[in-house]
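Residue-level structural notes
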Amino acid sequence: MADFEFAFARRTRLRGGDELTTILAGSPPGVLSMTGGFPNPATFPTDEVDEIAARLLRDDAAVALQYTPTAGIASVREYLIDRQEQLQGRRPAFDELIVTSGGMECIALMCQALIDRGDTIAVEAPSYLGALMAFGGAEADVVAIAMDDDGLVVDDLAERLAAGLRPKFLYTIPEYQNPTGRTLPLARRHQLVEACRRHGVLIFEDVAYRELSFDGTSLPTLWSLAPDVVVQAGTFSKSFFPGVRLGWATGPSELITELAAAKLNTDQCAGGLGQRLVEEYGRAGGFERHLPAARKLYASHWAALSAALRHHMPERCTWTEPTGGFLAWLTLPEELDVFTMRPAAIGAGVAYVPGPPFHVGDEGRNSMRLSFSHLSEIELQTAVQRLAGVVRGALGDPTTVTRAGRR
């Protein structure tokens, strides 16, 4: 058999991806998976989508099934512009918004449009695995900025910028961050905008989970606070369904123009059927009708996971407490290694994502990401009980340690 490894591009050795492949592949039978940030199928508006799709195929096939303009169907962009004004209190101009094939494509387009080999990108530590893969594949020099319980430590970033750090952009997830579930407070948002504006640094804001706050409230986006220095990427994978593969980017017109040009070298245009599904569903008030139930479901799932962590996890284990989204970050005692533990966890019937792939370096070996969106409340309780048993075993403590009410 011929060996073509000699022909592989340099970037194939830089982009990683084993963990993401594992997440998307799912878990073996009998294993309760807390890996993927997958929306719960109970939130999929199947009846409404069925009706809309049938109508589009009957009445609008020439648009819905055809190639579309690279920046998106004009009526879809107009709807998305209206929606940003409704949700964020600021209206982008027509040339300040582009339709993308999901949020991940926007990340790839940012790399194509802005990043040359060796350029610097600043990220939160830890950060979204998919983004880190894209930045690695672009051969960027990725620099980690510290986080605490309130998200990105803006003082750390400001000190680095004052010392001469000049990233092409800062990538940040202000709400219910992937992987930690943390949310950046309003005061820090203002500080972040001020620091980046002062030093001429572009902010790349990912709002994938923003509409899934447990109580329905939200803070101002970075883009709404500073549209001159922010490019925002959004997706309908969490609020509608992932199969639609649709998102958007909004920001300064000259940057959006470059993203559209880069898109000519990827898929050339987002799927017309998905675009029209989102538009028709949105114009009919579908998001306003269905998102409250989704928020309630995810809040209930987090409550179940939180209670199980408090009840079952041994001493010295800590975790974040998200107020929205799908994800929480569990930190174990320093002497434990989540990679070493993983075979035992799979054997016990529970799966998680280890912490190191979310870091630029090799940090996070005693941390893991837990998703609470997809499993039922009972399954979450069982999963945590299994995981706690594995942790106790790794600590050499066979006893059950419970302290209700402990964070």
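It should be noted that the structure appears before, not after, this text.
The following refers to the structure shown. Predicted, not measured: the structure shown is a model, and the values here were computed from it.

Across the nine residues of helix H6 (residues 129-137), nine count as buried, placing the element largely inside the fold. Every buried residue belonging to H6 is among Leu129, Gly130, Ala131, Leu132, Met133, Ala134, Phe135, Gly136 and Gly137, and all of these are buried. Positive phi shows up at glutamate 139, right after H6, with a value of about 60 degrees.

Put simply, helix H4 (residues 74-88) and helix H11 (residues 272-283) touch, their axes get as near as 9 Å, and they point 45 degrees apart. Here H4 lies oblique to H11, going by the angle between them. Both H4 and H11 take part in a crossing whose hand is left-handed. Contacts between H4 and H11 pair Ser75, Val76, Glu78, Tyr79 and Asp82 from the former with Gln275, Arg276, Val278, Glu279, Gly282 and Arg283 from the latter.

Here eight strands make up an open sheet; going across it, the order is S2-S9-S8-S7-S6-S3-S4-S5 and the pairing mixed. Each edge of the open sheet is held by one strand with a lone partner, namely strand S2 (97-100) and strand S5 (151-152). Taken together, the two bridges between strand S4 (residues 141-148) and S5 define a ladder with antiparallel strand orientation. Paired with methionine 147 across the bridge in S5 is leucine 152. Running at roughly 165 degrees to strand S7 (residues 202-206), helix H5 (residues 103-114) makes contact with S2, strand S6 (169-172), S7, strand S8 (230-235) and strand S9 (247-250) of the sheet.

A separate point is the packing of helix H2 (residues 46-59) against H11. With their axes 10 Å apart at the nearest point, H2 and H11 run at an angle of 120 degrees to one another. Looking at the two axes, H2 sits oblique to H11. For the crossing formed where H2 meets H11, the hand is right-handed. Where H2 abuts H11, its residues Glu48, Val49, Ile52, Ala53, Arg55 and Leu56 lie against Leu273, Arg276, Leu277, Glu280 and Tyr281. Looking at the contact of H2 with H11 residue by residue, the class counts come to seven nonpolar, no polar and four charged.

With that settled, consider the packing of aromatic side chains. Under the counting rule described, the total for this entry stands at 16 aromatic pairs. Plain terms: the ring middles of tryptophan 329 and phenylalanine 358 are 5.8 Å apart, the flat faces sit at 90 degrees to each other, and that makes the pair edge-to-face. Taken together, the residues tryptophan 329 in strand S11 (residues 327-331) and phenylalanine 358 in the loop between strand S13 (353-354) and strand S14 (367-371) connect sequence positions 29 residues apart. Neither tryptophan 329 nor phenylalanine 358 differs from the other in exposure class; each is buried. Site record: aromatic cluster; members linked through ring pairs are Phe44, Phe236, Phe240, Phe241, Trp248, Tyr281 and Phe287. The ring of phenylalanine 94 carries the charged tip of arginine 77 above its face, separated from the ring centre by 3.9 Å. A cation sits over an aromatic face here: arginine 83 above phenylalanine 287, 4.3 Å from the ring centre.

Criteria and thresholds
Residues numbered from 1 in each chain as written. Predicted model: local features only at pLDDT ≥ 70, side-chain atom pairs only at ≥ 80, totals over all residues. Heavy atoms only, no water. Buried < 20%, exposed > 50% of the residue type's maximum accessible area, 1.4 Å probe, protein only. Helix = DSSP H or I, 4+ residues; strand = E, 2+ residues; numbered from the N terminus. Axes fitted to C-alpha atoms, helices over the stretch in contact; angles between N-to-C directions. Parallel < 35°, antiparallel > 145°, perpendicular 65-115°, else oblique. Left-handed = near helix turned anticlockwise from the far one by under 90°. Contact = heavy atoms within 4.5 Å. Pairing = 2+ DSSP bridges. Nonpolar A, V, L, I, M, F, W, Y, C, P; charged D, E, K, R; others polar. Phe/Tyr/Trp six-rings, centres within 6.5 Å; stacked < 30°, edge-to-face > 60°. Lys NZ or Arg CZ within 6 Å of the ring centre and 35° of its normal.

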